[in-house]
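Here is what each chain is made of, one letter per residue.
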Amino acid sequence: MAVTRSIVVIIVPVLFLIIVGGGIALQVFLSRRESSIPGLVLPALTLVGALVSSLVTAAGMIGVTWLEALVGVAVPFLVGNIPTIVLLGIYFGCREKFRRKKMMDKMNIQDLE
């Protein structure tokens, strides 16, 4: 029994790190594409997941006060959007290179005029 518990204690965090690391690597890869749309796919998916989580929570709230309902819907939505915020931060950080290049091209065109 103790061996099984120690294996779970080791495997679960490793799997978590692999999944999170893979998601971050995928987000960086998609954000560095020439088109800006692929980098917005993962943040959109996490946003939809947070919305669905909030709606499922709201569907189960029958006979509660408005404050309990508000907190019961807002907390899953806010917690569910932490990955969305992280992924958008990665997206804008990776897109900065394209913004800088665009500004340099604009300055070069103005210099030619």
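Keep in mind the model is a prediction, meaning the values are calculated, not measured. (Residues numbered from 1 in each chain as written. Predicted model: local features only at pLDDT ≥ 70, side-chain atom pairs only at ≥ 80, totals over all residues. Heavy atoms only, no water.)

The next thing to look at is the pattern of salt bridges. Going through the model one piece at a time under the given rule, you end up with three salt bridges. In this structure, R100 and E96 form a salt bridge, with 4.0 Å as the shortest nitrogen-oxygen distance. With R100 and E96 both in helix 4 (residues 82–112), this residue pair falls four residues apart, about one helical turn. Residue E96 is classed as partly exposed on the basis of its relative accessible area, which comes to 25%. Look at the salt bridges and you will find they share partners, linking E96, R99 and R100 into a network. (Salt bridge = Lys/Arg side-chain N within 4 Å of Asp/Glu carboxyl O. Helix = DSSP H or I, 4+ residues; strand = E, 2+ residues; numbered from the N terminus. Buried < 20%, exposed > 50% of the residue type's maximum accessible area, 1.4 Å probe, protein only.)

Attention now moves to the environment of D105. You can see D105 is positioned in helix 4. A relative accessible area of 35% means that D105 is categorised as partly exposed. With 34 residues separating them in the primary sequence, D105 and V71 have C-alpha atoms 49 Å apart.

Let us look at the packing of helix 2 (residues 41–59) against helix 4. The N-to-C vectors of helix 2 and helix 4 enclose an angle of 165°; their axes lie 8 Å apart at closest approach. By the angle between their directions, the pair helix 2 and helix 4 is classed as roughly antiparallel. You can see that helix 2 and helix 4 cross each other, and the crossing is left-handed. Between helix 2 and helix 4, the residues in contact are L42, P43, T46 and L47 and P83, T84, L87 and L88, respectively. Classifying every residue of the contact of helix 2 with helix 4 by side-chain character gives six nonpolar, two polar and no charged. (Axes fitted to C-alpha atoms, helices over the stretch in contact; angles between N-to-C directions. Parallel < 35°, antiparallel > 145°, perpendicular 65-115°, else oblique. Left-handed = near helix turned anticlockwise from the far one by under 90°. Contact = heavy atoms within 4.5 Å. Nonpolar A, V, L, I, M, F, W, Y, C, P; charged D, E, K, R; others polar.)

Let's shift gears to the packing of aromatic side chains. With the rule as written, the count across this model stands at one aromatic pair. Above the plane of the ring of F29 lies R33, whose end atom (NZ or CZ) is 4.1 Å from the centre. Of note, K97 hangs over the ring of F98, and the distance from its end group to the ring centre comes to 5.2 Å. (Phe/Tyr/Trp six-rings, centres within 6.5 Å; stacked < 30°, edge-to-face > 60°. Lys NZ or Arg CZ within 6 Å of the ring centre and 35° of its normal.)

In this fold, T84 is placed in helix 4. For T84, a relative accessible area of 7% puts it in the buried group. In terms of polar contacts, T84 uses its side chain to reach the side chain of N81, at 3.1 Å. Those residues in contact with T84, other than ones at most four positions away along the chain, are P43, T46 and L47. (Polar contact = N/O pair within 3.5 Å; in protein donor to acceptor, adjacent residues only side chain to side chain.)

Our next topic: a nonpolar patch on the surface. A cluster of nonpolar side chains, contributed by W66, L67, L70, V71, V75, V79, I82 and V86, occupies part of the molecular surface with about 800 Å² of accessible area. Listed by contribution, the elements that provide at least two residues to the nonpolar patch are helix 3 (66–80) and helix 4. The greatest single-element share of the nonpolar patch, amounting to six residues, is contributed by helix 3. When you line up the elements, L67 lands in helix 3. (Patch = residues over 30% accessible without salt bridge, like charges linked within 9 Å, V, L, I, M, F, W, Y side chains within 5 Å. Areas by Shrake-Rupley, 256 points an atom, 1.4 Å probe, with all protein chains shown as cover.)

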